[in-house]
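Residue strings, one per chain:
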4 protein chains.
Amino acid sequence: MTDLSFHHSPDIKLSDRQVIYFALNGQLPAFSGNYLVTRNIKARYSKLQSFISSILVISILLAASTRIFQSEAWSILWIADNVKFLLIPILFIFILEYLLRLWTAPDSCPDLPENNAEFEQYIRTHHYRLFYGISFLGLIDLLVILSGLFTLISGNSSAWEGYLIVFALLKLSRYIHGIEIIAAVLKKERQILSATFITLAILIVILSTILYLVERNVQPEVFNSIPSALWWGIVTMTTTGYGDIIPMTSIGRVIGGVAMLVGIGTLAIPAGILASGFAYELKHREQLNNWHIISNLELFAGLDANCIKDITHYLKAEVLPAGATVFKKHSAPDAIYFIADGEVEIQIFPKPPTPIRLRSGDVFGEAGLLENRKRNASIKTTQNSRFLVLDLHDFHTLISKHVDLKNKIESINNLRKSSSPDSN
Amino acid sequence: MTDLSFHHSPDIKLSDRQVIYFALNGQLPAFSGNYLVTRNIKARYSKLQSFISSILVISILLAASTRIFQSEAWSILWIADNVKFLLIPILFIFILEYLLRLWTAPDSCPDLPENNAEFEQYIRTHHYRLFYGISFLGLIDLLVILSGLFTLISGNSSAWEGYLIVFALLKLSRYIHGIEIIAAVLKKERQILSATFITLAILIVILSTILYLVERNVQPEVFNSIPSALWWGIVTMTTTGYGDIIPMTSIGRVIGGVAMLVGIGTLAIPAGILASGFAYELKHREQLNNWHIISNLELFAGLDANCIKDITHYLKAEVLPAGATVFKKHSAPDAIYFIADGEVEIQIFPKPPTPIRLRSGDVFGEAGLLENRKRNASIKTTQNSRFLVLDLHDFHTLISKHVDLKNKIESINNLRKSSSPDSN
Amino acid sequence: MTDLSFHHSPDIKLSDRQVIYFALNGQLPAFSGNYLVTRNIKARYSKLQSFISSILVISILLAASTRIFQSEAWSILWIADNVKFLLIPILFIFILEYLLRLWTAPDSCPDLPENNAEFEQYIRTHHYRLFYGISFLGLIDLLVILSGLFTLISGNSSAWEGYLIVFALLKLSRYIHGIEIIAAVLKKERQILSATFITLAILIVILSTILYLVERNVQPEVFNSIPSALWWGIVTMTTTGYGDIIPMTSIGRVIGGVAMLVGIGTLAIPAGILASGFAYELKHREQLNNWHIISNLELFAGLDANCIKDITHYLKAEVLPAGATVFKKHSAPDAIYFIADGEVEIQIFPKPPTPIRLRSGDVFGEAGLLENRKRNASIKTTQNSRFLVLDLHDFHTLISKHVDLKNKIESINNLRKSSSPDSN
Amino acid sequence: MTDLSFHHSPDIKLSDRQVIYFALNGQLPAFSGNYLVTRNIKARYSKLQSFISSILVISILLAASTRIFQSEAWSILWIADNVKFLLIPILFIFILEYLLRLWTAPDSCPDLPENNAEFEQYIRTHHYRLFYGISFLGLIDLLVILSGLFTLISGNSSAWEGYLIVFALLKLSRYIHGIEIIAAVLKKERQILSATFITLAILIVILSTILYLVERNVQPEVFNSIPSALWWGIVTMTTTGYGDIIPMTSIGRVIGGVAMLVGIGTLAIPAGILASGFAYELKHREQLNNWHIISNLELFAGLDANCIKDITHYLKAEVLPAGATVFKKHSAPDAIYFIADGEVEIQIFPKPPTPIRLRSGDVFGEAGLLENRKRNASIKTTQNSRFLVLDLHDFHTLISKHVDLKNKIESINNLRKSSSPDSN
């Protein structure tokens, strides 16, 4: 059943450059009908991509570590003496990576042109290479290489230029899963977030100035200038509280107390904004996820967004606890189930050695509807699960509305009848 | 009415091992139709389970306390001298617990096989015992025993091995209610959470390195290495601010201020993620709770998930404030009410000494619908309450759709008419 | 129009004791049909209640202030010398308050019995007086009086017993608006919140013990016992960071860093829980608010919860920005509007000196529906506003379903036609 | 298509005073049908407004900077010596700004009268000038000017009066985008927020008093009075932790630990409240945004809120991922799409040099419905996008219900047929 749920897509052959681009970035250009193509390609090249990622991540961590644990008191002797022998291969890897990224940059194009002539012209462009070169991560990639080369050439292990290799850690941002969600939320809420931080900055300056005026006569050597008071202000309003500058007078302490409370109050705002931002993002990603589940099933393959949109409107979300029976054997086929989240087990007797389980993205119960016969197995949840359910009645409404869908289903049904007589 | 709302389930006899497993863990294997069976068993053995839990919790707290308050300055003399007399019984309890947990481990199987032959084979397996033995809590259980034995045998009360008995506190996690919700949310959001902490780590390293470069000439003995600067970085970005390492230069203070704000900003992200995660978890648990309420009522007993799913779709959520009249005596029976949250009181005259109140999980108003007669009592809320309401119209739609439900209701109605003529 | 929207309720005369109870607590016992009765009574006695609240709040603040600013270095001389002259009237007020609270305690009964005989018996009971006496605030009330008396009688202004008068501040909790929402959320989420704090406590003990083992040889006088390490643990994991106990070794600093991050991570959970808890509470209070708006309109007065429930189901929420035209003069009457939030202005020409504005809780557009004629004025929003809209079609469905509602509306319509020919 | 989607509004000529008011504040009085008028005016005068804003923001930053970096140790010599030459033009700008704000204050009236006679009378009123003069920002504007004049006249650069010029930073609040959302949420939740801070204040006083009683004998010179203990209390409960006052006794440390946890727990409440407040505000702003999109389209221009309300009820929200095909060329016209968020590209062959893209606020797919012919181009999303979709069926229901809408659409259709035969 699981094999049937995703339909077979055309086999697209990637060029060498595209393979390298994918290995370096884990992303693909958008082919038309891209989801399934991407899925297949990812499956084929994912091992290569993992291997190259691992090498790069290890190189980055080693590059930063050589610097961090360089000083005598800390480092293991072997590393301190042989840091150059470690640095040379790492730099080689980084330079190779940089050159490959420059070469494959045109493949970062989000959308491929449809006809070949344009495609050729596209590939020749240097636009994307320049774009990579001056991008934040492109500049970091270069900086790290230059810093490493400086250390090797000058032999001066304590010059500040050599320490910039620590910035290699920023290259890790390419490999942190989930960071794009954080980035999306931060980008969406950037206006309110920056308003909060600007407001905080203004409050720090004003409260620090007031404290300076209050304390300057009592502690002239500590509060010797407004910038010193500003240092107190930021240390206090972020509730860091080093204790190097402390108000002494009663009024100063009252202002200090106000500063702490105002600081905490202001800094509770970002948490509040991010909470609502993440909730919104989560909801939208769930909707997109449902759309992906539906639009990539064999049953609905080749239908346009209009029809899929209609289908998603008829779907009802259903939550069942672990161990609940979704439907029983021999019951009437009343709905198709899409697993949005969780897992179900098909109850077959005698029990097979490895139980047949369906997971997020799988579909079940469609065979009964297509063949109009009773369920031939019970289905039980093994975890708390969320389903998208399409009712028998809504299914027929859909079929009557979309002729394409009807034809498609009939052909699938005929195909199945001849090939797999015992699927549920 | 409350007695009727949950139907009587078959009386399942637990084996001794199952009883002990339940007493130790408060959980049961999943029988088919498990909710009601579990409910009954829990009611029967809950006292035993509470008793054993109490003994274990007290033992754990004593075991940790002997160590924590051991030192001269703090401890009461009696404990310091007699710690061995306390440790021996505690260790005995822990060893017994460990052996019983090993013995009953197979009962932690989440699902029981349906036929006996498989069941027998199941029980003999050592799979679950090994699984317990190498689980986190299994290892902690063992470690605590070994640490206690070490203290008793060596007689050395200040060796570090003896202090490991403090890890016994981790055994408490079995008894903290609500921790599984926190665990579920943390697990669900682990990707974004770990992305946040990795990002923070990268920022700490980079900002600390920059500060090191800025301050190393001014405070060479304080900022003597990058690891020292890293200590400053984490103390500052978590806004702990011990005050042992403080930037002195103007540029260093600017970097320090940036570090504090970036730290607070980054650490607001987990709060935001958890907020949306808890909201999502709460919503799902509410839906599951509704499902449990419906699926375990006498009225709907024995119906499959399909039918119950249909019922839950027809339900409308209804919120009423404390003191509101849900329906009045002699009004037409227009709906069945399920209490999802809150409490109602049945208004009877003359008032009984203890008022008849229905609570979360109870149902009312079904008798009127079944017998098609006017309400025979008013119902008033005593708290702000949330109901799930099934309308008369939807109820009849349901009956016409599900023959099982219709037959069931007619038989209940007949039964009630003969037995309890005055229920509402 | 506004005068018509809330129907006139019977005039209930409060007994002296009930008046005093209301003046002290701002709450009333639950009469049947309590919302409107409460509204009227609150309007009548609110001035008295404000006056008594003000006296008590001032007394509480004075009582606490005398102690706080007592010490020489701070206090204004006059207060320090004459504190007794201030304490005597304050104590007199507190004692009077305590006696009145004891006397009126039976009125705190949440629900009044319906017949007089029971009512009499009820009033005589001492049950509620005992309940007040042993309640948290009852004990605080008594403690504050005893502490004040101790100071006056002993004349010893520095004994600790005299300082307990500062607990009078807890009496303020009766007058903080919004605190009941916080209390409701904390109560609802208490399980997960306490799970968080227990988890934190366990983590503090374990991390502190590990740090103790690591640091005890390096800083034997600082880390002289586990309790000292526990003090470090809580100061660090709450990110307070006094700086009196700081790890020195590398491993100790790593453990310290872990402690800070774990502490912040754990303490982000309550914020997350409270965020989802407040969102849930807010939603429910909005629903209850809608219910209150509907159930207290003249149009729907006297209908039971069943019918009001039906009405609320037909309502659609509508949000309009400031300055939007809700409907134009001479347009067809297609809906009734209830203002849930915000404000509208009735556009009349020539403009009256004070514009006619309707606010939260008011209704408009019902006259057109009742009399079946075109709108006789335009309505414009003056703020961003939220409406509950009942469509013409749904209104007729409701009338056909509920005969009571139909009769009611016809009689209102007749009444209006004869009395106010020009309402919209 | 984009040019058609917003209908052309009448060209309103602003008076000089209105232009200056707009340039200073970026806001306009509410004309009837204000959205489109405002849009046009904003487009025309936005450059002037940006220019004047920039001058004011720079002046504010310079004014504050002269003071902050005044002290010897920090300032660049040139600034310290020549501060007067900088202060004179800044003060000139501020005085001019103040006079212009006073002059244009009447234009801050939120709503303009409809007839001319009233309008004239309106403009002459000094009501709004007084209102500005005593507003918070009005007073700050004056204070800053006075402080600057004091410095220039007295020549005393270290008197506290001269430092008040730093308050000029508060003038920046007029230019922080997003601050009005924060202000709206804070205002809405002010009751619960202030309840939290009052509760915290009470807890600080009580815990500090207890700690004072516990520690006063051990550290008499540190805990010499309750106010000192209060300073400890606020420094501890906000987790600032300067480390200047630290409990020494065991009981004192326990109270300190409780204070930290209670402080963190209490201060998690504002984050929770703000999170739910922002979520609510976000939802409402989204609804208002949808209303704006719909009410300002050519198709629905001139319809009243009733009809637009009806339209918004028929709209369904639709989320599509980047790269999805919304509809294909030659497919049947089944819906109108409004872009709420995101971007789509019209797929035309041969590809034009700059692709035709539609963004938030644009509409597409209406031509097919109006002319009842197949789609003449495919539409693809270029980002994750959110649409408001109006189905063919609902569109016809709307037309049959609202005659105005029907006439409007027919006239547009006729117009289009004659002018632009190839729009989709």
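An unreviewed UniProt entry lists chain A under the name Cyclic nucleotide-binding domain-containing protein, with Polynucleobacter antarcticus as the source organism. As recorded by UniProt, the Function (unreviewed entry) comment attached to chain A reads in full: "Cyclic nucleotide-regulated potassium channel activated by cAMP." Its UniProt record gives chain A the following Subcellular location (unreviewed entry) comment, quoted word for word: "Cell membrane".

From N to C terminus, chain A includes 16 helices and eight strands. For chain A, the share of sequence-separated contacts (at least 6 apart) that also reach a separation of at least 24 residues comes to 75%. As presented, chain A carries roughly 19300 Å² of accessible surface, and 62% of it is formed by carbon and sulfur atoms.

Bringing the UniProt feature "transmembrane region" (unreviewed entry) in chain A into the picture now. Residue and element names in this part refer to chain A. Following the UniProt record, the feature "transmembrane region" (unreviewed entry) maps to residues 20–38, 50–69, 75–96, 130–153, 165–186, 193–214, 229–246 and 258–280 here. Secondary structure across residues 50–69 comprises 95% helix and 0% strand; the distance between its end C-alpha atoms is 28 Å. Spanning residues 193–214, this segment combines 100% helix with 0% strand, and its end C-alpha atoms are found 32 Å apart.

Right, let's talk about the interface of chain A and chain D for a bit. The partner chain D presents 66 residues to the 62 residues of chain A that form the contact. At the surface where chain A touches chain D, the tally comes to zero salt bridges. Linking chain A with chain D are two residue pairs in polar contact (both at pLDDT 80 or more), by the criterion used here. The set of elements that each furnish at least two residues to the side of chain A that touches chain D consists of helix H10 (190–215), helix H11 (226–237), helix H12 (250–295) and helix H13 (305–314) of chain A. Sorting elements by how many residues they give to the side of chain A that touches chain D places H12(A) first, with 20 residues. Of the residues in the side of chain A that touches chain D, the class split is 29 nonpolar, 24 polar and nine charged.

Right, let's talk about the pattern of salt bridges for a bit. All told, the structure shown has 28 salt bridges over all chains when counted by the stated rule. Here Arg357(C) makes a salt bridge to Glu343(C), at a shortest N to O gap of 3.5 Å. You can see Arg357(C) sitting in strand S5 (residues 357–359) and its partner Glu343(C) sitting in strand S4 (residues 343–347), a full 14 residues away along the chain. Classification of Arg357(C) by relative accessible area gives partly exposed; the value is 32%. The class for Glu343(C) is buried, based on a relative accessible area of 7%. Each member of the salt-bridge network shares a partner with another, and the members are Glu97(A), Arg101(A), Asp141(A), Lys171(A) and Arg174(A).

The next point concerns the environment of Ser360(C). All names here are of chain C. Tracing the backbone through its elements, the reader meets Ser-360 in the loop between S5 and strand S6 (363–364). Using a relative accessible area of 43% as the deciding quantity, one classes Ser-360 as partly exposed. A C-alpha to C-alpha distance of 8.7 Å links Ser-360 and Ile-293, two positions 67 residues apart in sequence. Residues within four places of Ser-360 in sequence aside, it is in contact with Ile-339, Ala-340, Asp-341 and Gly-342.

Taken as rigid bodies, chain A and chain D are interconverted by a rotation of 90 degrees and an axial shift of 0.1 Å, the fit giving an RMSD of 0.1 Å. Both copies are brought into coincidence by an operation consistent with a four-fold rotation axis. Mapped onto chain D, only 11% of the interface residues of chain A again fall at the interface, so the copies present different surfaces.

One face of the sheet, then the other: side chains in a regular strand alternate in exactly this way. Residues and elements named next belong to chain B. Along strand S8 (residues 385–391), seven of the seven residues are buried, which leaves the element largely enclosed by surrounding structure. Burial of the side chains of S8 extends over both faces: Ser-385, Phe-387, Val-389 and Asp-391 are buried on one face and Arg-386, Leu-388 and Leu-390 on the other. The pairing of strand S3 (residues 335–341) with S8 spans six bridges and is antiparallel. Opposite Asp-341, over in S8, you have Arg-386 as the bridge partner.

This part takes up the packing of aromatic side chains. Evaluation of the coordinates by the stated rule reveals 27 aromatic pairs over all chains. One aromatic cluster is present, built from ring pairs that chain together Phe327(C), Tyr337(C), Phe364(C) and Phe387(C). When the ring centre of Tyr163(B) is taken as reference, the NZ or CZ atom of Arg67(B) above it lies at 4.6 Å. Above the ring of Phe94(C), the side-chain terminus of Lys171(C) is found at 4.3 Å from the ring centroid.

Residues and elements named next belong to chain C. Within the secondary structure, Asp-334 is located in the loop between strand S2 (325–327) and strand S3 (335–341). Take Asp-334: its relative accessible area is 23%, and that puts it in the partly exposed class. Along the backbone, Asp-334 and Leu-369 are 35 residues apart, and their C-alpha atoms lie at a distance of 7.2 Å.

Attention now goes to helix H7 (residues 136–154) of chain D. Residue and element names in this part refer to chain D. For H7, built from 19 residues, the straight-helix expectation of 27 Å at 1.5 Å per residue is met to within 8% by its first-to-last C-alpha distance of 27 Å. Buried residues of H7: Gly-138, Ile-140, Asp-141, Val-144, Ile-145, Ser-147, Gly-148 and Thr-151, and no others. One or two steps after H7, the chain reaches Gly-155, where phi turns positive at roughly 70 degrees.

Bringing the pairing of strand S8 (residues 385–391) of chain C into the picture now. Across five bridges, strand S1 (residues 316–320) of chain C lies against S8(C) in antiparallel orientation. Bridge assignment links Ala317(C) to a residue of S8(C), and that residue is Leu388(C).

Next up on the list: the sheet that holds strand S7 (residues 378–381) of chain B. All names here are of chain B. Sheet architecture is open: four strands sit in the order S2-S7-S4-S5, paired in antiparallel fashion. Among the strands making up the open sheet, the edge pair consists of strand S2 (325–327) and strand S5 (357–359). Pairs of neighbouring strands in the sheet enclose a mean axial angle of 30 degrees, with direction left out of account. Across two bridges, the pairing between S2 and S7 is antiparallel. Of the residues in S7, the one forming a bridge with Thr-325 is Lys-380.

With respect to topology, four strands assemble into an open sheet ordered S1-S8-S3-S6 (chain D), the strand pairing being antiparallel. This sheet does not close on itself; its edge strands, each paired only once, are strand S1 (316–320) and strand S6 (363–364) of chain D.

All right, on to the side chain of Thr239(C) then. Secondary-structure assignment places Thr239(C) in the loop between helix H11 (226–237) and helix H12 (250–295). Setting aside chain neighbours within four positions, we find Thr239(C) in contact with Thr238(B), Thr239(B), Thr240(B), Ile264(C) and Thr239(D).

Residue and element names in this part refer to chain A. Where H10 contacts H11, the axes come no closer than 8 Å and their chain directions differ by 125 degrees. Relative to H11, H10 is oriented oblique. Crossing angle aside, the handedness with which H10 passes H11 is right-handed. Across from Leu-200, Leu-203, Ile-204, Val-205, Leu-207, Ser-208, Thr-209, Leu-211 and Tyr-212 in H10, the residues of H11 making contact are Ile-226, Ala-229, Leu-230, Trp-232, Gly-233, Ile-234 and Met-237. Counted by class, the contact of H10 with H11 contains 13 nonpolar, three polar and no charged residues.

Of note, Arg101(D) is situated in helix H4 (residues 77–104). Each residue touching Arg101(D), except ones within four places of it in the same chain, is listed here: Leu24(D), Asn25(D), Leu56(D), Tyr132(D), Asp141(D), Arg174(D) and Tyr175(D).

Right, let's talk about unusual backbone geometry for a bit. The phi torsion at Thr239(C) lies on the positive side, around 55 degrees, for a residue other than glycine. By relative accessible area, Thr239(C) is classed as buried at 7%.

Right, let's get into helix H9 (residues 179–188) of chain C. Of all the residues in H9(C), the buried ones are Ile181(C), Ile182(C) and Val185(C). Burial along H9(C) is one-sided: seen end-on, the buried residues are contained in an arc of 100 degrees.

We now examine the packing of H10(A) against helix H9 (residues 179–188) of chain D. Two elements in contact, H10(A) and H9(D), have axes separated by 8 Å at closest approach and are oriented at 80 degrees. As judged from the angle between their axes, H10(A) and H9(D) are roughly perpendicular. Within the contact between the two elements, H10(A) uses Ile192(A), Ala195(A), Thr196(A) and Thr199(A) and H9(D) uses Ile179(D), Ile181(D) and Ile182(D). Along the lines of polarity and charge, the residues of the contact of H10(A) with H9(D) split into five nonpolar, two polar and no charged.

Cut-off values and rules
Residues numbered from 1 in each chain as written. Chains lettered and ligands numbered in written order. Predicted model: local features only at pLDDT ≥ 70, side-chain atom pairs only at ≥ 80, totals over all residues. Heavy atoms only, no water. UniProt positions renumbered as here; feature names shortened; annotations may be inferred. Helix = DSSP H or I, 4+ residues; strand = E, 2+ residues; numbered from the N terminus. Contact = heavy atoms within 4.5 Å. Areas by Shrake-Rupley, 256 points an atom, 1.4 Å probe, with all protein chains shown as cover. Salt bridge = Lys/Arg side-chain N within 4 Å of Asp/Glu carboxyl O. Polar contact = N/O pair within 3.5 Å; in protein donor to acceptor, adjacent residues only side chain to side chain. Nonpolar A, V, L, I, M, F, W, Y, C, P; charged D, E, K, R; others polar. Buried < 20%, exposed > 50% of the residue type's maximum accessible area, 1.4 Å probe, protein only. Least-squares fit on C-alpha atoms with pLDDT ≥ 70 in both. Pairing = 2+ DSSP bridges. Phe/Tyr/Trp six-rings, centres within 6.5 Å; stacked < 30°, edge-to-face > 60°. Lys NZ or Arg CZ within 6 Å of the ring centre and 35° of its normal. Expected span 1.5 Å × (residues − 1). Axes fitted to C-alpha atoms, helices over the stretch in contact; angles between N-to-C directions. Parallel < 35°, antiparallel > 145°, perpendicular 65-115°, else oblique. Left-handed = near helix turned anticlockwise from the far one by under 90°. Arc of directions from axis to C-beta.

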